[in-house]
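Residues per chain are reported as follows:
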Amino acid sequence: MRHESDDDAESQATLTSIHAGESIATFSSEGYEPWLFQTMLNELSERELGVGFIYSILELFAARHGLSDVAVVLVNDSFGTQMFRLGGEAVTPDMAAHLNASPGVYCEPDTVPAAECDAIRTACQLAMSLHLARFSAAHDPLTNISNRRSFDEALEVAAARSARYGWAFTLVLVDLNNFKAVNDKSGHEFGNHLLRQFGFALRQAVRQGDTAARIGGDEFAVILSNAEGHESSGFTERLRGHLVALGNPVEFTIGTATSPRDSTDPGELLRMADGRLYEKKGIRIS
Amino acid sequence: MMSRTEEDFELELRSLPGVLNVGITKHTNGDVNVVTLVANSKDPLATRSAATQIASLYYPEAAVVVEDANRALVDSRQGEARVALIRADYDTSDGFCEVQLSVDGRTGIGRAGSGPLIGGAEATLAALRDLGYELPYSLMTVTNVTNGRDWPVIVTLRSLANDADRFGIARSEDDLVSAVKATLDSLNRFLSNLEGHA
C-alpha cells in the first residue's frame, strides 16, 4: 500500500550502503516503500542500524497493514539463519520448523504485497549485517571483549580526558602465566576454552564504565575508570574470585600505570604498565 | 527503542552456534525476566551454558530457556508440550519444592510440600496453573520405581470429569526433576491441545 503523499515527500532520495563481502544494496524511493526508506533515514540520523531497527520496522510494518503477527527470516553466510518476530517475542519450535530457514517476511494475515515484504527483508538484512560488522570490528571473536583496536581508542579517549580534566584512571595489563605450556600440553581447543573463560571472568570483574580487552594471544588489558593505582587490587581480587568460581586454574601477572600521576600519554602508560608487568613476571598473583 | 546494550546483548546471543531466534520477556518494570532461545544446536546444554553466562553479564536475574528447533518434528509425532522446566529446587529444611516452568516466554512458579516426589509433582501442577492452564486433574500417585539414582518416576493423574487416568514417566538426575518431568509427560498431549489457550 503506497501513500502518494509519502512519495512526494521523498522524491528521488537514495541511500547506498556497502558491507564487505556483500553486494551493494541500494535503496531509493523508486520501487521501495517510502515509509521504509524514511524510517531508515530517521534511524540513521540518530544512530547506526542494528537489531533494534529490525524490531522498529516490524512494528511499523504490522501497524501499517493491521498485522497480528509478523516474522522475518534472514539467511546470510556471516550470521547464518536468524529469525525475528514482532515485539521481540520468541519464535516457537513449531514456527521455526514452518519458517524452515527460507528467507522472507511472514505475515498474519498474509495480505501484504510481495514487493513490500522483499523491501522489509532487505532492510532487515542490511541492519543485521551492519550490526554484526560493527560488533565484530570492535570485539575479540573468542572472548567477545574489546579487541586491540577498540582498546587503543578507549585508551586515547581516557588519556585525553585525564590530561584535560585530571580524571584518574588506571591501566592494568594482564598476562597469563605459562599459557603457552598449557596450550602445548592440552591443545589449542583447551587453550581457547581457558581464554574464553578468562574473558568472561574479566567481564564479570570490571565495573560499568571500565573497558576490558584482549590485546594479544594471552594478553589482556583493562582500563579502570576513576581509579588510582592501589584500587587495582580490588579488581584483581574480583577477577581471582570469578576465576575460582568458574573452576579456571589459570594464573596471571599484572602490571599497572595510572593517569595522570604516571603519565597522560597512552604510549607511555602502556610502556610503564608493561615494564612493571615484566618486573613481576615470575611472581604469581594467585 | 532498544538501547545499544540491549542490542549487543541480543547480538551476542544470536552469535552463539545454532541460535535461530531470541525472545526476550520483560517485567512490567522493564527488567528482563526470561530469555528464550530457539536453537538448532548439536549441544543444547553448551548453548544454554553459554547463553546463561552472557545473560548473567547483562541481566543477572533473567532465566534462560533453550528450545530445540528440531523438537517440532517430535511434537508432531508425540504431541509433546512446549512447556520447559527452568528450575526445580527442594529445600530440605522445610520439605518444600519450588518449580519454575516456561512456555512461550512466560514463566510460572509453583510450590508444594511433601518432599521431592509428591511435592515435585504438586509444585509442577501449581506452576502450570500459575501459567494459566486450567487442569481438570488431581494427583493420584507418584511412584519411584526403586530407590536410587537413574530410576524412573511414574506419575498418575486422575481426571476430575470421568475418573480416567493419565500416566507420565521420566528419568533424570534426581527424584525432584524426575517427578516434574513425569508430571509434564503425563500432561503432554493435553497441554499441546491447550497451546495458545492458556
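An account of the accompanying structure is given in this report. Every value quoted in this text rests on a predicted model; they were computed, and no experiment measured them. (Residues numbered from 1 in each chain as written. Chains lettered and ligands numbered in written order. Predicted model: local features only at pLDDT ≥ 70, side-chain atom pairs only at ≥ 80, totals over all residues.)

### Description of the interface of chain B and chain A
Next up, step 1: Tallying the contact residues gives 26 residues for chain B and 26 residues for chain A.
Next up, step 2: The set of elements that each furnish at least two residues to the side of chain B that touches chain A consists of helix 1 (4-14), strand 1 (19-26), strand 2 (32-39), helix 2 (44-58), strand 3 (63-68) and helix 3 (71-78) of chain B.
Next up, step 3: The biggest single contributor to the side of chain B that touches chain A is helix 1 of chain B, with six residues. (Contact = placed C-beta atoms within 7 Å. Helix = DSSP H or I, 4+ residues; strand = E, 2+ residues; numbered from the N terminus.)

### Regarding the sheet that holds strand 8 (residues 153-159) of chain B
All names here are of chain B.
Next up, step 1: Across the sheet, three strands lie side by side as 7-8-9; this open sheet has antiparallel pairing. The open sheet terminates on both sides in strands that have one partner only, identified here as strand 7 (137-144) and strand 9 (165-170). Recorded for the sheet is a direction-independent mean angle of 20 degrees between the axes of neighbouring strands.
Next up, step 2: Pairing between strand 7 and strand 8: seven bridges, direction antiparallel. Counted as the bridge partner of L139 is L157 from strand 8.
Next up, step 3: Along the sheet, helix 4 (residues 115-130) makes contact with strand 7 and strand 8, crossing strand 7 at roughly 150 degrees. (Pairing = 2+ DSSP bridges. Axes fitted to C-alpha atoms, helices over the stretch in contact; angles between N-to-C directions.)

### A look at the sheet that holds strand 6 (residues 106-112) of chain B
Residue and element names in this part refer to chain B.
Next up, step 1: If you walk across this open sheet you meet the three strands as 4-5-6, and the pairing is antiparallel. The outermost strands of the open sheet, each flanked by one partner alone, are strand 4 (84-91) and strand 6. Direction aside, the axes of adjacent strands within the sheet are offset by 15 degrees on average.
Next up, step 2: Inspection of the sheet shows strand 5 (residues 96-103) paired to strand 6 by seven bridges, in the antiparallel sense. Of the residues in strand 6, the one forming a bridge with C97 is A112.
Next up, step 3: Across the sheet, helix 4 lies against strand 4, strand 5 and strand 6, angled at about 145 degrees from strand 6, the strand it touches most.

### Digging into the environment of S102 of chain B
All names here are of chain B.
Next up, step 1: Relative to the helices and strands, S102 is located in strand 5.
Next up, step 2: On the basis of neighbour counts, which here come to 25 C-beta atoms within 10 Å, the residue S102 falls in the buried class.
Next up, step 3: Put simply, S102 and L131 are 29 residues apart on the chain and 7.9 Å apart in space, counted from C-alpha to C-alpha.
Next up, step 4: In contact with S102, not counting residues within four places along its chain, are V34, A63, V65, A84, I86 and T107. (Buried ≥ 20, exposed ≤ 12 C-beta atoms within 10 Å, placed from the backbone.)

### Re unusual backbone geometry
The phi angle of most residues is negative, glycine excepted, and most peptide bonds adopt the trans form.
Next up, step 1: The step from E108 of chain A to P109 of chain A runs through a cis peptide bond, and the omega angle for that step is 0 degrees.
Next up, step 2: The topology assignment puts P109 of chain A in the loop between strand 5 (104-108) and helix 5 (114-138).
Next up, step 3: Cis geometry marks the peptide bond from S259 of chain A to P260 of chain A; its omega dihedral reads 5 degrees.
Next up, step 4: Inspection of the secondary structure puts P260 of chain A in the loop between strand 9 (252-259) and helix 10 (266-280).
Next up, step 5: Although it is not a glycine, N178 of chain A adopts a positive phi angle of roughly 55 degrees.
Next up, step 6: Taking the C-beta count within 10 Å as the criterion, N178 of chain A has 13 such neighbours and is therefore assigned partly exposed.
Next up, step 7: Backbone geometry places S114 of chain B, a non-glycine residue, at a positive phi of 75 degrees.
Next up, step 8: Mapped onto the elements, S114 of chain B comes out in the loop between strand 6 and helix 4.

### With respect to the packing of helix 5 of chain A against helix 1 of chain B
Next up, step 1: Helix 1 of chain B packs onto helix 5 of chain A with a crossing angle of 90 degrees between their chain directions and a minimal axis gap of 11 Å. In terms of axis orientation, helix 5 of chain A runs roughly perpendicular to helix 1 of chain B. In this structure, helix 5 of chain A uses H131, L132 and F135 of chain A to contact helix 1 of chain B, whose residues at the interface are E7, D8 and L11 of chain B. (Parallel < 35°, antiparallel > 145°, perpendicular 65-115°, else oblique.)

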